[in-house]
Amino acid sequence: MLRFETAGESHGECLVATLTGLPAGVPISLESVNRELWRRQQGYGRGGRMKIETDRAEIVAGVRHSRTIGAPIAVLIRNRDWQNWTEILPVEDLDGAEDKRRPVTRPRPGHADLAGSIKYNFHDARYILERASARETTARVAIGALAKAFLKAFGIEVLSHVIAVGPVRLERAASWEELVTLSLRNEVLLGCVDAETEARMKAVVDEAYRTGDTVGGVFEVVAHGVPVGLGSHIAWDTRLDGRLAQAIVSIQAVKGVEIGYAAEGAASFGSKVQDTIHYDRENRRFTRGANRAGGLEGGMSNGQDIVVRGMLKPISTLRRPLESVDLETREPALAAYERSDVCVVPAAGVIGEAMVALVLAQAFLEKFGGDSLVETRRNYENYLEQVKSY
Ligand SMILES: Cc1cc2nc3c(=O)[nH]c(=O)nc-3n(C[C@H](O)[C@H](O)[C@H](O)COP(=O)(O)O)c2cc1C
């Protein structure tokens, strides 16, 4: 079973993640992990924080001589901003620390601030927002890169693109080749495959900058080369669609998930929605009329590309703060303002890729097992033979 966990706070020393259960022998390149971290930091609309941080992963356990050794992998990413917070958020409560605190007593609507302060019994939302922050996803992206390296050994790749920013939407499907080209770009604007649509997306972000507002949008994650039969119809918690949906909605600010053309399907007649089944006798394989189901039927991968979308609400922290209440005085007050992003849809897509890669790697290892890559490959190839001769 592949398990992972993250720890770390937005202005703490570092972010940490562990990933347990990858077989031994998976080739790992620190450069590709760092490339994913870089991709997470890009996009037009990011705030000042991303200018401070240039994330670099340090793998401190589980990888030796560029390959996994089967032991838990631990990754650490230092927060460069920590040097400005050592006295504000010290581990030990030294003399005078009280005066150096930076309390947040005016909870921000749309954040964990209020519910978290009540639940954990703090009268200062600082500790809550430190952990609720999407800075945590840096750790997810780092181990997601390891899951990607594992999947790549079996020809499975996971990429994303942005299909909407505010009201501007990409009105056509993107090809896999376009996503590959996009992922290789060294300058990221809004992560859209269509230049004209991307320019209109930028105009929306510019308007948000001008007016002190923020915008959300939709990203699409595509997993390519996935074999038929990951996940299962037999129980609610084995369904791959449900597991992917949880993984996507667990990303900060993602409020909706769509598998395939779910929204369009809900507004159409059934005859227009299902992907017809055909058989190619020459190549002895089943083919499908379309991929509106997003590669998932009955909670299982069906061999087509898996397509999952995440819908992001606009960023909650506004330069023109919303109404709130002071936790101490209970008087009306404007919400606290912390340096903030205006649009994060491309970055959320990269985080979505990491989450999808982790869930697919989990499902893959559940089905094929193996303590070494050689063993997993043998099991996988056996299965492929079975599918071929079906
Ligand atoms: C990549 C990324 C960056 C984010 N940056 C900010 C930010 O700068 N300011 C902000 O208010 N929210 C930001 N968010 C969203 C908040 O983390 C999120 O809205 C908040 O933690 C509450 O969680 P919820 O929206 O999932 O309910 C970001 C989200 C993502 C995915």
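The residue numbering used here restarts from 1 in each chain and proceeds along that chain's sequence as written. Where totals are concerned, whole chains, interfaces and linings use all residues; where local detail is concerned, this predicted model gives features only for residues with pLDDT of at least 70, and gives and counts side-chain atom pairs only at 80 or more. Excluding hydrogens and water, the side-chain figures rest on all heavy atoms present in the structure.

(A) Spatial organisation of the overall build of the chain. The way it works is that DSSP assigns letters per residue, a run of H or I at least four long becomes a helix, a run of E at least two long becomes a strand, and they are numbered from the N terminus. Scanning the chain from terminus to terminus reveals 12 helices and 17 strands. A compact globule built from 390 residues would reach a C-alpha radius of gyration of about 21 Å, and the chain, at 22 Å, matches this within 12%. Considering only C-alpha atoms, the chain reaches an extent of 75 × 50 × 40 Å along its principal axes. For each residue, the accessible area found with a 1.4 Å probe, counting protein chains only, is set against the maximum for its type, and the residue is called buried under 20%, exposed over 50%, and partly exposed in between. Looking at the 390 residues of the chain, the share that counts as buried comes to 49%. For the chain, the share of sequence-separated contacts (at least 6 apart) that also reach a separation of at least 24 residues comes to 71%. Here, Shrake-Rupley sampling with a 1.4 Å probe gives the accessible areas, and only protein chains in the shown set may cover a residue. When the accessible surface of the chain is split by element, carbon and sulfur atoms take 52% of a total near 19,400 Å². Here the positive residues are Lys and Arg and the negative ones are Asp and Glu; neither His nor the chain ends is included. Throughout, a charge is located at the NZ atom of Lys, the CZ atom of Arg, the CG atom of Asp or the CD atom of Glu. Considering the chain, the positive charge centre built from 49 side chains and the negative charge centre built from 52 side chains are found 3 Å apart. Computation of the radius of gyration draws on C-alpha atoms, with the globule rule given as 2.2 Å multiplied by the number of residues to the power 0.38. Residues count as neighbours in contact if any of their non-hydrogen atoms are within 4.5 Å of one another.

(B) Representation of the pairing of strand β1 (residues 3–7) within the structure. The pairing of β1 with strand β2 (residues 14–20) spans five bridges and is antiparallel. Bridge pairing links Phe 4 to Leu 19 in β2. If DSSP finds at least two bridges between two strands, the strands pair.

(C) The pattern of salt bridges, seen in detail. Salt bridges are defined by distance alone: a side-chain nitrogen of Lys or Arg within 4 Å of a carboxyl oxygen of Asp or Glu. Counted under the stated rule, the structure contains 24 salt bridges. A salt bridge links Glu 36 to Arg 39, with the nearest nitrogen and oxygen atoms 3.1 Å apart. Of this pair, Glu 36 and Arg 39 both sit in helix α1 (residues 30–40), three residues apart, which is roughly one turn of the helix. On the basis of relative accessibility, which here comes to 12%, the residue Glu 36 falls in the buried class. The exposure class of Arg 39 is buried, given its relative accessible area of 10%.

(D) Representation of the sheet that holds strand β15 (residues 306–312). On the basis of which strands lie adjacent, the open sheet formed by five strands has the order β8-β7-β9-β15-β10 and antiparallel pairing. Strands with a single pairing partner mark the edges of an open sheet, and in this sheet they are β8 (168–169) and β10 (254–259). Here β10 pairs with β15 via five bridges, running antiparallel. Paired with Glu 258 across the strands is Arg 309, a residue of β15.

(E) Region of interest: the site of the ligand. Residues are counted as near a molecule or strand when any one of their heavy atoms sits within 4 Å of it. Close to the ligand lie 17 residues, the nearest being His 111, Lys 313, Thr 317, Ser 340 and Asp 341. Contacts described as polar in this section are N or O atom pairs within 3.5 Å, which, within protein, must combine one atom able to donate a hydrogen with one able to accept it, while residues neighboring in sequence count only if both atoms come from side chains. The side chain of Lys 313 places a nitrogen or oxygen atom 2.8 Å from an oxygen atom of the ligand. In the environment of the ligand, an oxygen atom lies 2.8 Å from a nitrogen or oxygen atom belonging to the backbone of Asp 341. In the complex, 85% of the free accessible area of the ligand, which totals 630 Å², lies under the protein chains. When residues are sorted by character, Ala, Val, Leu, Ile, Met, Phe, Trp, Tyr, Cys and Pro go into the nonpolar class, Asp, Glu, Lys and Arg into the charged class, and all the rest, Gly among them, into the polar class. Taken together, the residues of the shell around the ligand break down into eight nonpolar, six polar and three charged.

(F) Fine view of the sheet that holds β2. Reading across from one edge, β1-β2-β6-β3 is the order of the four strands in this open sheet, with antiparallel pairing throughout. Because the sheet does not close on itself, it has two edges, and the strands there are β1 and β3 (57–61). For this sheet the average axis-to-axis angle between neighbouring strands, irrespective of direction, equals 20 degrees. In the sheet, β2 pairs with strand β6 (residues 73–78) via six bridges, with the strands oriented antiparallel. Counterpart to Val 16 in the pairing with β6 is Leu 76. Axis angles are defined between N-to-C directions and span 0 to 180 degrees, where every axis is a line fitted to C-alpha atoms and, for a helix, only to the segment in contact.

(G) How the structure looks around the packing of aromatic side chains. Each aromatic pair joins two rings of Phe, Tyr and Trp (for Trp, the six-membered one) with centres within 6.5 Å, and gets the label stacked for planes under 30 degrees apart, edge-to-face for over 60, and tilted for any other angle. For the coordinates displayed, the defined rule picks out 12 aromatic pairs. Centroid distance Phe 364 to Phe 368: 4.7 Å. Interplanar angle 55 degrees. Geometry classified as tilted. Placement of the pair is Phe 364 and Phe 368 together in helix α11 (residues 345–368), with a separation of four residues, close to one helical turn. Both residues of the pair, Phe 364 and Phe 368, belong to the buried class. Cluster of aromatic residues (ring-pair linked, three or more members): Phe 150, Phe 154, Phe 364, Phe 368, Tyr 380 and Tyr 383. Arg 309 extends its terminal NZ or CZ atom over the ring of Tyr 261, reaching a point 5.3 Å from the ring centre. Charge-over-ring placement is defined geometrically: NZ (Lys) or CZ (Arg) within 6 Å of the ring centre, and within 35 degrees of the ring normal. In this arrangement the basic side chain of Arg 377 is found over the ring face of Phe 154, its NZ or CZ atom lying 5.2 Å from the centre.

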